Amino acid sequence: MMRFYIRILLVAVFTSACSSVFAQSMKYGVVAGFQLSRAQVADFRCGFHIGAKGEFNFSDNENRPYLDFGMSLSARGWKGEIAYLGGENDYVDWNCRLYYLEIPLHIGYKFYVNERIKVLANLGPYLAVGLSGKSVIDEENGEPSKENPFKNGMYKRC
């Protein structure tokens, strides 16, 4: 796992070093927003994402290909009343919050329709690494159980 973090650091250093060479073709920015996520048997939960984004244009033409990349922290999760495995009509309240580091790498193309309108199309993979999380199960008879879903093996980090 440590080698993975070293690779991420090397990519970030390489990207920032290349930005001085291609300063006229690089754009940087901050991205932030809200998102809804849920499990199939649970209710939606509001989350967020915040991070940095970069864009490298391969040419100076109006219609041109570009590379879109970034790194962001994303909060996902769900809440709801879930059937308990111990009994037929037993339900528990389950709240789960998961934090991921997301690294997208997309290649795309810009189509300029006119001065005020352009259409962007891109595709590509992204890597999401689970950083931490909290799962709370509230049973009616007893103390709520709190645990990290990545540490107990409920979810894989990558």
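Residues numbered from 1 in each chain as written. Predicted model: local features only at pLDDT ≥ 70, side-chain atom pairs only at ≥ 80, totals over all residues. Heavy atoms only, no water.

**Describing the side chain of Asn148**
Inference 1: With respect to the helices and strands, the residue Asn148 is situated in the segment after β7 (145-147).
Inference 2: Of the polar contacts made by the side chain of Asn148, one reaches the backbone nitrogen of Phe150; its length is 3.0 Å.
Inference 3: Apart from the residues lying within four places of it in its own chain, the contact partners of Asn148 are Ser132 and Gly133. (Helix = DSSP H or I, 4+ residues; strand = E, 2+ residues; numbered from the N terminus. Polar contact = N/O pair within 3.5 Å; in protein donor to acceptor, adjacent residues only side chain to side chain. Contact = heavy atoms within 4.5 Å.)

**With respect to the environment of Lys134**
Inference 1: With respect to the helices, strands and loops of the structure, Lys134 is situated in strand β6 (residues 126-138).
Inference 2: Spatially, the C-alpha atoms of Lys134 and Cys96 are 5.7 Å apart, while their sequence positions differ by 38 residues.
Inference 3: Apart from residues no more than four positions distant in its own chain, Lys134 is found in contact with Asn95, Cys96, Arg97, Lys146, Glu147 and Pro149.

**Quick look at a nonpolar patch on the surface**
Inference 1: Together, Tyr109, Phe111, Val113, Ile117 and Val119 make up an exposed nonpolar region whose accessible area comes to about 430 Å².
Inference 2: Summarising the element assignment, Val119 is placed in strand β5 (residues 118-123). (Patch = residues over 30% accessible without salt bridge, like charges linked within 9 Å, V, L, I, M, F, W, Y side chains within 5 Å. Areas by Shrake-Rupley, 256 points an atom, 1.4 Å probe, with all protein chains shown as cover. Salt bridge = Lys/Arg side-chain N within 4 Å of Asp/Glu carboxyl O.)

**Examining the pattern of salt bridges**
Inference 1: Inspection of every chain in the model, using the stated rule, returns 3 salt bridges.
Inference 2: Notably, a salt bridge pairs Asp68 with Lys53, separated by 3.7 Å at the nearest N-O pair. Taken as a pair, Asp68 in strand β3 (residues 64-83) and Lys53 in strand β2 (residues 45-57) lie far apart in primary sequence, 15 residues in all.
Inference 3: Under the relative-accessibility criterion, Asp68 is labelled buried at 11%.
Inference 4: A salt bridge links Arg76 to Glu102; its shortest N-O distance comes to 2.2 Å. Placement of the pair is Arg76 in strand β3 and Glu102 in strand β4 (residues 91-112), with a sequence separation of 26 residues. (Buried < 20%, exposed > 50% of the residue type's maximum accessible area, 1.4 Å probe, protein only.)

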